[in-house]
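If you want the building blocks of each chain, they are given just below.
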Amino acid sequence: MTPINRRTFVRGTLAAAAGACLSACDRLTSSTAIGGILKSAESVNRTLSRTLIGQSLAREYPASAISAHFRANGTTEPDSESYRRMAENQFADYRLEIGGLVENPLRLSLAELRAAPTRTQITRQDCVEGWSCIAKWRGAPLGSLLNRAGLKPQARYIAFFCADAPANSLEGKVQYYETIDLNDAYHPQTILAYEMNDQTLPIAHGAPLRLRLERQLGYKMAKYIMRLEAIESFASIDGGQGGYWEDRGYEWYAGI
Amino acid sequence: MRATHWLIALSLFVLFLSGLQIFNAHPALYWGNASEFDQPLLSFGGGDRAFPSWITLPAEQDLAGGRRWHFFFAWCLVAGLGVYLVANLSRGRIGRDLLPTGNELRGIGRSALDHLRLRFPHGEKARHYNVLQKVAYLGVMFVVIPLVILTGLALSPAIDTAFPPLLFIFGGRQSARSLHFFGTTILFLFFVVHILMVVAAGPINEMRSIITGWFAIRAVPDPKSTNVKQVHDSD
């Protein structure tokens, strides 16, 4: 064989092998057994980063770092009739329901939320897509609200149920929901934000109330929160994976 | 040793393909902490897929799937590198085989020229890494791969919280993301040259040596010897 032929041959073989490998990989991704093996990295990552991170705070930035344009991702305006009516009225009729495994279920208006303890933080939001934006958020620390409601001992997660329905299924609209565990729920930077950059939270960013979970990716930070529940397990909610995006293959632990 | 080479190679291969899938979700790079969307450092594909389906894993647009492959094989890479480093450092192989001598470094221009003409060392010299190989392997192992791992870690909001200096070193999370991409580009170029050199130096013999450790050396004409072929274990 001449060197050129040999090279062409090897290159062709490599390309064919790569192609075969790729289509095999695609079949592997859809196979549940392999999917399970690949997903095993998530629990390792969760355990490891939780150990490393402890209760430390996510970095907070100076006001000069605030992004001129903060991208609004996902739903930018829920299209339900009830949400529209609330929005027209500046959310005066809005009540955040706190229920589930709590001693005293609560219904809080925005005025009552504003009267609760507050925290302001300038933080970076990392989207799973890869971009980052920085903004100033003001809201009520979730932990203090949960203390007011009094968690029952069986409570292990907090579930957020939202006004936006990003998808349709045969049974109707699929509502956005998200779950976090108590470790994150009681972190000092975990707040239910009603202000962004010193303004009332805009609709595109989740008015009237959104979650800030600063040590995880943006898809965990539910917008348009209507109701939150203390729960023992999220297995029976929708797809059972603990969130709208989790039901679509994304990790429940979004710290990486 | 040779097993770790192949574990590292497979991991980098999967990380590369799944990384392109992840990159496609937002095919633009920025410098600093955050993304100024109208001032990207680089922007690909005009909002469409930046990399075509035949080179991404999975082939169709599937960010969640790409992330699962990426994070699993990141651990495979760490395992391969860990074994490689422990085994090599404990046997002193890196100092002995890979650290170039002063003389070799002075001859680097000559060696580069010879390689460009596809004139490779033969005989006794072919038994050892030449100076270009040493510099390339050391650079990849101790500069580029660590850079890619550290910038990858800096993309995690949790790891950033645990080790704030990571963000400081790389100039912000979006800078780290760009450096992750550029480091990968260097690794890809290394891969291309590495493969070309294996092919140009005789793929059958080279592959046999990488897989089994046995290789043949074309002897330099030597009046005292009639050997034309010697077979040795490289490890």
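So, how was this worked out
- Residues numbered from 1 in each chain as written.
- Chains lettered and ligands numbered in written order.
- Predicted model: local features only at pLDDT ≥ 70, side-chain atom pairs only at ≥ 80, totals over all residues.
- Helix = DSSP H or I, 4+ residues; strand = E, 2+ residues; numbered from the N terminus.
- Buried ≥ 20, exposed ≤ 12 C-beta atoms within 10 Å, placed from the backbone.
- Contact = placed C-beta atoms within 7 Å.
- Pairing = 2+ DSSP bridges.
- Axes fitted to C-alpha atoms, helices over the stretch in contact; angles between N-to-C directions.
- pLDDT = per-residue confidence, 0-100.
- Core = buried A, V, L, I, M, F, W, Y, C linked by C-beta atoms within 7 Å.
- Nonpolar A, V, L, I, M, F, W, Y, C, P; charged D, E, K, R; others polar.

Broken down by element type, chain B carries ten helices and four strands. From first element to last, N terminus to C terminus, chain B shows the α and β order α-β-β-α-α-α-α-α-α-α-α-α-β-β. When burial is assessed residue by residue, chain B has 28% of its 235 residues classed as buried. Long-range pairs, those at least 24 residues apart, make up 64% of the contacts in chain B with a sequence separation of at least 6.

On to the overall build of chain A. On a plain count of helices and strands, chain A comes out with six helices and twelve strands. Here the analysis covers contacts within chain A between residues at least 6 apart in sequence; of these, 69% occur between residues at least 24 apart.

All names here are of chain A. Relative to strand 4 (residues 132-141), strand 3 (residues 119-126) runs antiparallel, the two sharing eight bridges. When the sheet's bridge partners are listed, Gln121 is paired in strand 4 with Trp137. Where strand 3 folds back onto strand 4 in an antiparallel hairpin, the turn is made up of five residues, including Gly130, whose phi is positive at roughly 130°.

To continue, consider the sheet that holds strand 12 (residues 225-231) of chain A. All names here are of chain A. With respect to topology, five strands assemble into an open sheet ordered 2-1-12-5-8, the strand pairing being mixed. Taken across any chain shown, the strands that pair with only one partner, and hence form the sheet edges, are strand 2 (106-108) and strand 8 (177-181). In this sheet, adjacent strand axes meet at a mean angle of 20° when their direction is disregarded. Two strands pair when backbone bridges link them, and strand 5 (residues 157-162) and strand 8 are joined in this way by five bridges, in the antiparallel orientation. Paired with Ala159 across the two strands is Thr179, which belongs to strand 8.

Our next topic: the confidence of the model for chain B. Looking at chain B as a whole, its pLDDT mean stands at 88, while 91% of the residues score no less than 70. Among the scores for the predicted complex, ipTM is 0.87 and pTM is 0.88.

Let's shift gears to the nonpolar core. Among the nonpolar cores identified, the biggest contains 83 residues, and Ile158(A), Phe160(A), Cys162(A), Leu192(A) and Ile225(A) are the most heavily contacted of them. Ranked by residue count, the leading element in this core is helix 1 (residues 2-24) of chain B, at eight residues. Other than its neighbours up to four places away in sequence, Cys162(A) contacts Gln175(A), Tyr176(A), Tyr177(A), Ala222(A), Lys223(A), Tyr224(A), Ile225(A) and Met226(A).

In this fold, Lys125(B) is placed in the loop between helix 5 (108-116) and helix 6 (131-154). Along the primary structure Lys125(B) and Phe73(B) are separated by 52 residues, whereas in three dimensions their C-alpha atoms are 36 Å apart.

Moving on, we come to the interface of chain B and chain A. Each partner contributes to the interface: chain B provides 34 residues, whereas chain A provides 40 residues. Among the elements of the structure, helix 2 (63-90), helix 7 (157-162) and helix 9 (173-200) of chain B are those that each provide at least two residues to the side of chain B that touches chain A. When residues of the side of chain B that touches chain A are assigned to their parent elements, the largest contribution, eight residues, is made by helix 2 of chain B. Residues of the side of chain B that touches chain A, tallied by class, amount to 22 nonpolar, seven polar and five charged.

This brings us to the pairing of strand 1 (residues 96-100) of chain A. All names here are of chain A. Judged by which residues are buried, strand 1 turns out to be one-sided: Leu96, Ile98 and Gly100 face inward and are buried, whereas Glu97 and Gly99, on the alternate face, are not. Both strand 1 and strand 2 contribute to a ladder of three bridges, which runs antiparallel. Along strand 2, the bridge assignment pairs Glu97 with Arg107. Once strand 1 ends, the chain turns through five residues before running back antiparallel as strand 2. Pairing between strand 1 and strand 12: four bridges, direction parallel. When the bridges of strand 12 are listed, Glu97 appears paired with Arg227.

Below, the discussion takes up the environment of Glu42(A). Residues and elements named next belong to chain A. Looking at where Glu42 falls in the secondary structure, it is placed in helix 2 (residues 32-53). By the C-beta count within 10 Å, which is 20 here, Glu42 ends up buried. Glu42 sits 209 residues away from Glu251 along the chain, and the two C-alpha atoms are 6.9 Å apart. Not counting residues within four places of it along the chain, the set of residues in contact with Glu42 comprises Glu251 and Tyr253.

The bulk of non-glycine residues show a negative phi, and the bulk of peptide bonds are trans. With an omega of 5°, the peptide bond between Ala207(A) and Pro208(A) qualifies as cis. The residue Pro208(A) is located in the loop between strand 10 (199-200) and strand 11 (210-212) in this model. Of note, the bond from Leu57(B) into Pro58(B) is cis; its omega dihedral lies within 30 degrees of zero at -15°. Within the secondary structure, Pro58(B) sits in the loop between strand 2 (42-43) and helix 2. Residue Asp238(A) is not a glycine yet carries a positive backbone phi of 45°. Inspection of the secondary structure assignment puts Asp238(A) in the segment after strand 12. A tally of 16 C-beta atoms within 10 Å means that Asp238(A) is categorised as partly exposed.

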